[in-house]
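Survey of secondary and tertiary structure
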Amino acid sequence: MSAFLPLLDAAHGDAALLEALARIGPLIVPLSLQNAAHIPRTASRYILIDRDSSLSADDIVPILDQGADKVILPLALAKDLIGSVPAERLLLLLDVANVSAVSDKIRSGVSGVLIKTPTVDVDFIGSVSRFFAGSSVHVLPVNLDAPPSRATIRALAGAGTVLVIPTSLLTLSPTDAKQLNVADAFLANLTSDRPDGLFPTVVSSHLEGERTLGLVYSSIESVRESIVTGKGVYQSRKHGLWRKGETSGATQDVVRIRLDCDSDALEFSVVQHGAGFCHLERPSCFGEVSGLAALERTLQSRLESAPEGSYTRRLFNDPELLRSKIMEEADELCRAETKEDIAFEAADLLYFALTRCVAAGVGLADIERSLDNKAKKVSRRPGNAKPQWTQKASTSSAEQKAPTAAAPEPAPAIDADAPIRMRTYDLATASPSERAQLLRRPVLKSDEMIAKVKPIVDDVRTRGDAALLELTAKFDRAQLTSTVIRPPFAPETMQLPADVRAAIDAAYANIYKFHAAQAEQGTLAVETMPGVVCSRFARPIARVGLYVPGGTAVLPSTALMLGIPAQVAGCREIVLATPPRPDGSISPEVMYAAQLVGASAILKAGGAQAVAALAYGTESVPKVDKIFGPGNQWVTAAKMLVQNDTDALVAIDMPAGPSEVLVIADHTCDPAFVAADLLSQAEHGVDSQVVLVAVALPDARLAAIEAAVDAQARALPRVDIVRQSIPKSLVVKVPSVADALAFSNDYAPEHLILHLADAPAAVARVENAGSVFVGPFSPESCGDYASGTNHTLPTNGYARQFSGVNTLSFQKHITSQEVTADGLKGLGPIVATLADCEGLGAHANAVRIRLRALEQAS
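This structure is a prediction, so every number in the text was calculated from the model and none was measured.

**Quick look at the overall build of the chain**
- Each helix and strand counted, the chain has 30 helices and 31 strands in total.
- A globule of 858 residues ought to have a C-alpha radius of gyration of about 29 Å, yet the chain, at 38 Å, is considerably larger.
- Taking as baseline every contact in the chain between residues at least 6 positions apart, the subset at least 24 positions apart corresponds to 65%.
- Element-wise, carbon and sulfur atoms account for 54% of the exposed surface of the chain, whose accessible area totals about 42000 Å².

See the structure below:
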């Protein structure tokens, strides 16, 4: 808010004075002076149109369109504009004697009033202010031939009004009988509630959307100097007057100084130079910049340093390429439909649009200034698109509509009051085809997904780190300058609450203990016939990549499940890949787990681009020999793609699909336990696969389970997901445990939970499952986090062919044979005969040449 408003008068054209006034508030400019050359370009202007003006209402709109913040109008003109011009752009000009002539409609159609009065009668003006309650009231004494006192300014402020002072009565020099110092007028209402009399001052960046740079203190003297010089000057509580950047070079140009609503704090809007505002040589005391400001800095840096031939340099140097990208992204934005896709495509368009601006020397401040000017326009354009675009749009629309079938019906709204129930089937009455249908999972369209991820994988393979950084910005929404963190990891990146650290430590100990017991330490040696010894020994896979889903999620358990067996196996390089958070950091839980498992590098990337970087390597990312870990369909498709590329020479752990659980329960089960186990997988995603195999359960017990599912689901944070996954889930009724296990073995679930009277005995009959949870007190959650078994398990029925991740997954087995001379005499003829049988003479010769040598030597 302003302590006073200066009125530019013809007799006063001091440019320095006007620059100072523009820093502390709007200028009232008579219409006859609106184009005066000495008015600062940055000044906020209220254009004063007096009652003698011959202007009509149609003449006022262009004044607002040209950038005036408000117009001050006599009553006759205001009546013609109210309703067609926003109220916040109009101020009413009145003589104090005519206040009562203002109707309620007029009062509601303007943002305030400027009252001309022959004398300053604070009590009377206070009553006028109450008449215009809710509006700004400005007071212009018409016979003011001497400067007002600061006491007058304060008194009028107390009455809810702002004094208007002609600029001929203001000065940058000390106050005297003829002129009032600008700083004295501005500070007249400022009060301090601090014992030292200082004023809290927020410093914000004018070029970064008024982002806060820091909190400082000001004094009367420091504010006075800032107003006059236009430089950032504050008050140090220890060292006195502090001229920002006087020694460091990090100076500030003050754009605007404002009082807060209580007149006890200040805001300085500045253009910051040098290393930044903070004494740590950072832009802000409150951390790094983000959003568009961060993107602008990144692009400005790349404009200066991007290597020749790089994609970024081509964007800056090739206008046609950049134009094509802008048009491409604009088209994709127009085609986007979901909220997430629209935000995603808009971000892409902003990236390339800002690249165009930076290449032309245009910054965000220039764009914001243009937007502000557009916002000030009152007249409106017709809103018609240019012919070349309307033509293209109609053509494109026709092209899209011609071959397209009728749009699918929209998904029905979910009834929040409807019971959350599974579908029930009786296996005893099911036909073979119906039974087969119960065993089916949703069809995974792997070919379509591989086609989608291939351009991403090829981009990383071709352009390395440059592509990785761009794709991380695009898909992970994080602006990075480097992609890899190497040990030792900074302690501040692993700061955890004591209970979380203790839980991770306990989980690590259990998982390590179980996986260490799996490792093969010795060599298997067998003498298959006299003089022929065959052996097998294990060696670690040298370089492994571990994908840990992340971003908004925190999954230290996956880092442990993948990292510990790699550590136990003795892998030389353990590269952990995980999506960064929006600020570019990795969650401290995952950082701490990475340190525990001895990660040699952390790749801050997710999705297909992370898989590609691990498979092929980049300038900074080590190439690995095998990739492990769960992920979404993009990650799974990328893993399947790279494992089939002989240039990558990389293996993967297993195919992956949606999470799944199969629970077998008989009459001894606790319905609440069963329901909790079903929901623990149903909450993973809308495509989670959940099956209850009910062994001769009475209807009452089955109803109790269904009631518990409904009740527990409604209390879950992810109930919206459960509402979609549970109705797709199955209850399969069977007559016996044998039938239940037969169905389970055919289904081959990721997780199998046994709520049976003799659950341990049933384990012997399990043939296909990722992991088994035995008895009522073995929830699947224990295996997910800390019991010791691994939670990276085969899904989608692949438990028929694959094991879950274990220590042996990180090892390879090498065989050897040692044949003595006597051994070759017995084995050689056998080998030669078989080689002859297959027509491989060189194979037979390798044996016979040795046998002849032995014969000659004897």
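**Here's the deal with the side chain of K325**
- For K325, the location among the structural elements is in helix α11 (residues 319-335).
- If we ignore the near neighbours within four places in the chain, the residues touching K325 are Y311, L315 and F352.

**Remarks on the layout of surface pockets**
- The computed volume of the second largest pocket comes to approximately 1500 Å³.
- Lining the second largest pocket are 49 residues, and of these T42, A43, S44, R256 and K376 sit closest to its centre.
- When contributions to the lining of the second largest pocket are tallied by element, the ones reaching two or more residues are α1 (15-24), β3 (45-48), β7 (136-141), β15 (252-259) and α13 (364-376).
- No other element matches α13, which puts seven residues into the lining of the second largest pocket.
- Of the residues that constitute the lining of the second largest pocket, the class distribution is 19 nonpolar, 14 polar and 16 charged.

**Observations concerning the packing of α1 against helix α8 (residues 220-229)**
- Closest axis-to-axis distance for the α1/α8 pair is 7 Å, and the angle between their directions is 120 degrees. With respect to α8, the axis of α1 lies oblique. Contact with α1, carried on its side by A20, R23 and I24, involves S226, I227, V228 and T229 of α8 and no other residues of that element.

**Some points on the packing of aromatic side chains**
- Counting across every chain of the model gives 10 aromatic pairs.
- The interplanar angle of 25 degrees and the centroid separation of 5.7 Å between the aromatic rings of F344 and F475 together place this pair among those described as stacked. Placement of the pair is F344 in helix α12 (residues 339-359) and F475 in helix α17 (residues 465-475), with a sequence separation of 131 residues.
- The class for F344 is buried, based on a relative accessible area of 14%.
- On the accessibility criterion, F475 (32% relative accessible area) is partly exposed.
- Seen in terms of ring centroids, F673 and F777 are 5.8 Å apart; in terms of plane orientation they differ by 70 degrees. Their pairing is edge-to-face. Taken together, the residues span a long stretch of sequence, with F673 in helix α23 (residues 671-682) and F777 in the loop between β30 (771-774) and α28 (780-785) at a distance of 104 residues.
- Members of the aromatic cluster, connected to one another through ring pairs, are Y234, W242 and F268.
- The positively charged end of R107 is found above the aromatic ring belonging to F131, 4.2 Å away from the centroid.
- Over the ring of Y592 we find R501; its NZ or CZ atom is 4.3 Å from the centre of that ring.

**Here's the deal with the sheet that holds strand β26 (residues 660-665)**
- As summarised here, the arrangement of the six strands in space is β17-β28-β27-β26-β29-β30, forming an open sheet in which the pairing is parallel. Of all strands in the sheet, those with a lone pairing partner are β17 (423-426) and β30, marking the two edges. If you compare each strand with its neighbour and ignore which way they point, the axes differ by 20 degrees on average.
- In this structure, strand β29 (residues 751-755) lies alongside β30, joined through four bridges in parallel fashion. Bridge pairing in β30 links I753 to F773.
- Across the sheet, α23 lies against β26, β27 (689-695) and β29, angled at about 170 degrees from β26, the strand it touches most.

**Describing the environment of A20**
- Tracing the backbone through its elements, the reader meets A20 in helix α1.
- For A20, a relative accessible area of 0% gives the class buried.
- Spatially, the C-alpha atom of A20 lies 8.0 Å from that of V182, the residues being 162 residues apart in sequence.
- Every residue in contact with A20, bar those within four places of it in the chain, is listed here: L172 and I227.

**Let's talk about the environment of K474**
- By the secondary structure assignment, K474 is in helix α17.
- With a relative accessible area of 29%, K474 lands in the partly exposed category.
- The sequence separation of K474 and A594 amounts to 120 residues, and the corresponding C-alpha distance is 25 Å.
- If we ignore the near neighbours within four places in the chain, the residues touching K474 are F344 and D348.

Cut-offs and rules
For every chain, the first residue of its written sequence is number 1, and the numbers climb from 1 along that sequence. Residues qualify for local features only when their pLDDT is at least 70, as the model is predicted, and side-chain atom pairs are given and counted only at 80 or more; totals for whole chains, interfaces and linings, by contrast, use all residues. Note that the side-chain values use all heavy atoms of the structure and ignore hydrogens as well as water. Strands are runs of DSSP state E lasting at least two residues, helices are runs of H or I lasting at least four, and both sets are numbered from the N terminus onward. Our radius of gyration is a C-alpha quantity, and the globule rule it is checked against amounts to 2.2 Å times the number of residues to the power 0.38. Between two residues, a contact is recorded if the distance between any of their heavy atoms is within 4.5 Å. Per-residue and other accessible areas follow the Shrake-Rupley method at a 1.4 Å probe size, with only the shown protein chains counted as cover for residues. A cavity, in this analysis, means grid points on a 1 Å lattice covering only the protein atoms where a 1.4 Å probe fits yet has no way out; a pocket is instead an open set bounded by protein on both sides within 12 Å along at least five of seven lines, and a residue lines either one if it has an atom within 4 Å of a point. Grid points are joined across faces, edges and corners, and a volume is the space filled by probe spheres set on the points. Classes in brief: Ala, Val, Leu, Ile, Met, Phe, Trp, Tyr, Cys and Pro nonpolar; Asp, Glu, Lys and Arg charged; the others, Gly included, polar. Every axis corresponds to a line fitted to the C-alpha atoms, with the helix fit spanning only the stretch in contact, and the corresponding angles, defined between N-to-C directions, vary from 0 to 180 degrees. Angle categories are assigned with fixed cut-offs, so that under 35 degrees is roughly parallel, over 145 is roughly antiparallel, 65 to 115 is roughly perpendicular, and the rest are oblique. The pairing test for Phe, Tyr and Trp rings, Trp by its six-membered ring, is centres within 6.5 Å, and the orientation test on the planes gives stacked under 30 degrees, edge-to-face over 60, and tilted for anything in between. Relative accessibility thresholds used throughout: buried, under 20% of the residue-type maximum; exposed, over 50%; partly exposed, between the two (1.4 Å probe, protein chains only). Put simply, a charge is over a ring when the Lys NZ or the Arg CZ is close to the ring centre, within 6 Å, and near the line of the ring normal, within 35 degrees. Think of it this way: DSSP has to see at least two bridges between two strands before they count as a pair.

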